[in-house]
Amino acid sequence: MLATAVSYGLNGIKGYCVRVEVNISGGMYAYETVGLPDAAVKESKERVRAAITNSGYAYPAMRTTVNLAPADTKKEGSVYDLPIALALLAANGQVNAERLREYVIIGELALCGDVTGVKGVLPMVIDACSQGYRNIMLPTQNVSEASYISGTRIIPVSNLKEAVQCLNGEREAVAFVPKRWDPECCEYAADFSEIKGQQGAKRAAEIAAAGGHNMLMIGTPGTGKTMIAKAMPSILPRLTFEEALEITKICSVVERMPSDTGIVTRRPFRAPHHSASATAIVGGGQNAAPGEVSLAHYGVLFLDELPEFSREVLEALRQPLEDGRITITRAAAKATYPADFMLVAAMNPCPCGYYGSRLNKCTCAPAKVQRYQQRISGPMLDRIDLHVEMSEVTYKELTSNEIVETSRDVRKRVEKARSMQKERYKDDGILFNAQLTNRLTKKYCVLDCDASRILERAMDTFDLTPRAYGRILKVSRTIADLEGSASIEAHHVAEAIQYRSIDSKYRR
């Protein structure tokens, strides 16, 4: 007999339908899985056999063929255990085959018959819903992340017996109550009110958050670079439901989501160590898995000790910084992941860390300082919009009782500037100033005569590149938005130029 179940697989962060066909015929016992299965799929026959017998059902000791269609697409993981087991029981007459075809079924089986959670459920459910499937049977552990998708009936099952009883009408298929999106009032690792002094760096961070710009902080050890970076998510605009879904899709592919929330509620903050490989940062491996740049999507990627990262890693960042996505191609897999993150980087000015310090003497030779700074290539530096120099915080600033703005106060200004940008670019397909293309920059970043003269002198004085010119225009537009100004004025451009002074100071 032949029975069919519907399941799902993953290509990158996109789900695709997989038809699970099980045929039982007479003859000597044999079990064959076809349809380009990987090792985990091939091993499912042992999990399925043990789960069926330990759940009290008869396992058909006949010639069994399992086909996973489409047959020309590689199938990976343990997600097909439950649909294979149910289709096998349906082919043997122990499960209602007609009702089985009405469900999308996803889940891994333990030997005792329990259904355990799997990765990547959210993108599978989103695609299944778009294809018109309404009944989706999932492991109980994965229900939370899928329950935010409207228009679906999510049926949680904790073991194989429950799944069989639901399909046979012996047990009511109780759908999980859908959740409503409600952004959590998050507590962040750091707040701007905790950062003493460094008004210039905090102003730059506010500009970066308001326009989605990348930022590089250069300063001696202990000046607060890491603390400002950790506080960046606290001043970024609150997540929208669409952004939360897209971030959760990426996280769901890499790691199982927590069952309590089921969806990401705060902007990501990723801080990989400088020993990380290019594959860990941009993604890759045999299965073309997403890397840190994708896990930081719509959030912050913090690279501390930037010159200590390998040149391969730094150069690999150039494409996602420019395009907002990364395409990973391997012999057996190809996937495109979103990577629209805000890069926040920090570095010391020299190997010992005290070049230009007011309090400590630098012990590095000039040639050594230059070699250290030149580990960051010119093209990479061009792609960072804001360059900020930071000096030591004085004792007076540390002990001051002056009331400091909280992250919530700063976020209000950032969200106001972002709303202006969203309204301005509603017909252009972008959301904030950092996404401006050359054509849109020319359209929306028009300078008056005074501003043009200031920028012209800066280009000649600092030997700025055409890419740096475009970055200055975008940052100027953001500074104007923070002031609520419709036009870019001379003082906006002058402030933006201050954040490019490192181009001439450190690259000569």
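Everything that follows concerns the structure shown earlier in this document.
Everything numeric here is computed off the predicted structure, so don't read it as measured data. (Residues numbered from 1 in each chain as written. Predicted model: local features only at pLDDT ≥ 70, side-chain atom pairs only at ≥ 80, totals over all residues. Heavy atoms only, no water.)

Peer 1: Got a sec to walk through the overall build of the chain? Specific residues and values, please.
Peer 2: Each helix and strand counted, the chain has 23 helices and 18 strands in total. At a minimum sequence separation of 6, the contacts of the chain that also span at least 24 residues come to 74%. Total accessible area computed for the chain in this model is approximately 22600 Å², and 49% of it derives from carbon and sulfur atoms. Averaging the locations of the 63 positively and 59 negatively charged side chains of the chain gives two centres separated by 2 Å. (Helix = DSSP H or I, 4+ residues; strand = E, 2+ residues; numbered from the N terminus. Contact = heavy atoms within 4.5 Å. Areas by Shrake-Rupley, 256 points an atom, 1.4 Å probe, with all protein chains shown as cover. Lys, Arg positive; Asp, Glu negative; His and termini not counted. Charge placed at Lys NZ, Arg CZ, Asp CG, Glu CD.)

Peer 1: Go over the packing of aromatic side chains, please, and point to the residues and values.
Peer 2: Counting across every chain of the model gives three aromatic pairs. Aromatic pair F269 and F302: ring centres 6.0 Å apart, planes at 25°, arrangement stacked. Residue F269 is located in strand β11 (residues 269–270), and its partner F302 is located in strand β14 (residues 300–303); the two are separated by 33 residues in the primary sequence. A ring pair is formed by Y425 and Y444, whose centres lie 5.1 Å apart and whose planes are at 75°; its orientation type is edge-to-face. On the criterion of sequence distance, the pair formed by Y425 in the loop between α18 (407–424) and α19 (438–444) and Y444 in helix α19 is long-range, its members being 19 residues apart. Across the pair, exposure class does not vary: Y425 and Y444 are buried alike. Lying over the aromatic face of F432, R418 brings its terminal NZ or CZ to 4.6 Å of the ring centre. (Phe/Tyr/Trp six-rings, centres within 6.5 Å; stacked < 30°, edge-to-face > 60°. Buried < 20%, exposed > 50% of the residue type's maximum accessible area, 1.4 Å probe, protein only. Lys NZ or Arg CZ within 6 Å of the ring centre and 35° of its normal.)

Peer 1: Quick one: what's the story with the pattern of salt bridges, residue by residue and with numbers?
Peer 2: Per the counting criterion, the structure on display carries 22 salt bridges. Here R171 ties to E162 by a salt bridge, and the two come within 3.7 Å at their closest N and O atoms. Across the salt bridge formed by R358 and E392, the nearest N and O atoms sit 3.9 Å from each other. Residue R358 is located in the loop between β17 (342–347) and α15 (366–373), and its partner E392 is located in the loop between β18 (386–390) and α17 (395–398); the two are separated by 34 residues in the primary sequence. (Salt bridge = Lys/Arg side-chain N within 4 Å of Asp/Glu carboxyl O.)

Peer 1: Tell me about the sheet that holds β18, and name the residues and values.
Peer 2: The sheet built from five strands is open, its strands ordered β11-β14-β17-β10-β18 with parallel pairing. Strand pairing shows two members of the sheet lacking a second neighbour, β11 and β18, which therefore form its edges. Of the pairings in the sheet, the one linking strand β10 (residues 215–219) to β17 comprises four bridges and is parallel in character. Bridging across to β17, I218 finds its partner in M347. (Pairing = 2+ DSSP bridges.)

Peer 1: I'd like a rundown of the environment of C362, residues and numbers included.
Peer 2: Here C362 shows up in the loop between β17 and α15. Here the alpha-carbon distance between C362 and R99, two residues 263 residues apart in the chain, equals 75 Å. Residues in contact with C362, not counting those within four places in the same chain, are C350, C352, Y354 and Y355.

Peer 1: Residue-level account of unusual backbone geometry, with values.
Peer 2: Following A69, the chain continues into P70 via a peptide bond in cis, with omega recorded as 5°. By the element assignment, P70 lies in the loop between β4 (63–69) and α3 (81–91). Its identity as a non-glycine residue notwithstanding, Q198 has a phi of 55°, on the positive side. Inspection of the secondary structure assignment puts Q198 in the loop between α7 (160–167) and α8 (199–211). Not every positive phi belongs to a glycine, and D463 is a case in point at roughly 55°. Tracing the sequence through the fold places D463 in the loop between α20 (449–462) and α21 (466–482). Under the relative-accessibility criterion, D463 is labelled exposed at 52%.

Peer 1: Give me the lowdown on the nonpolar core, citing residues and values where you can.
Peer 2: In this structure, I52, L82, L86, M137, L160, L317 and F341 are the most contacted members of the largest nonpolar core, which totals 105 residues. Here the element with the most residues in this core is α3; it accounts for nine residues. The contact partners of L82, leaving out residues within four places of it in the chain, are I105, I106, G107, L109, V115, V157, L160 and A163. A229, V410, L455 and I497 belong to the second-largest nonpolar core, a separate cluster that totals 52 residues. (Core = buried A, V, L, I, M, F, W, Y, C linked by side-chain atoms within 4.5 Å.)

Peer 1: I'd like a description of the packing of α20 against helix α22 (residues 490–498), backed by residues and values.
Peer 2: Contact pair α20 / α22: the axes reach a minimum separation of 8 Å and the direction vectors enclose 20°. Considered as vectors, α20 and α22 are oriented roughly parallel to each other. Like other packed secondary-structure pairs, α20 and α22 cross with a definite hand, here right-handed. On α22, the residues that touch D450, A451, I454, L455, A458 and F462 of α20 are A490, V493, A494 and I497. Here the residues of the contact of α20 with α22 are counted per class, giving nine nonpolar, no polar and one charged. (Axes fitted to C-alpha atoms, helices over the stretch in contact; angles between N-to-C directions. Parallel < 35°, antiparallel > 145°, perpendicular 65-115°, else oblique. Left-handed = near helix turned anticlockwise from the far one by under 90°. Nonpolar A, V, L, I, M, F, W, Y, C, P; charged D, E, K, R; others polar.)

Peer 1: Help me get a handle on the environment of I376, residues and values and all.
Peer 2: Examined against the element boundaries, I376 turns out to sit in the loop between α15 and α16 (378–382). Relative accessible area serves as the criterion here: at 2%, I376 is assigned to the buried category. Along the chain, I376 and F309 lie 67 residues apart, while their C-alpha atoms are 9.4 Å from each other.

Peer 1: So what's going on with α15? Which residues, and what values?
Peer 2: Turning to α15, its buried residues are V369, Y372 and Q373. The arc enclosing the buried residues of α15, seen along the axis, measures out at 95°, which places them on a common side. (Arc of directions from axis to C-beta.)

Peer 1: Residue-level account of the side chain of R418, with values.
Peer 2: Relative to the helices and strands, R418 resides in helix α18. Here the side chain of R418 touches A210 through a polar contact of 3.1 Å, landing on its backbone oxygen. Those residues in contact with R418 that lie beyond four places of it in its chain are A209, A210, G211, G212, L236, P237, L431 and F432. (Polar contact = N/O pair within 3.5 Å; in protein donor to acceptor, adjacent residues only side chain to side chain.)

Peer 1: Please set out the packing of helix α2 (residues 44–54) against α3 residue by residue, giving values where relevant.
Peer 2: Interhelical geometry of α2 versus α3 gives an angle of 55° and a closest axis separation of 10 Å. Taken together, the axis directions place α2 and α3 in an arrangement best described as oblique. For the crossing formed where α2 meets α3, the hand is right-handed. Each of S44, R47, V48 and I52 in α2 lies in contact with α3, whose residues at this interface are D81, I84, A85, L88 and L89. Among the residues making up the contact of α2 with α3, the classes are represented as six nonpolar, one polar and two charged.

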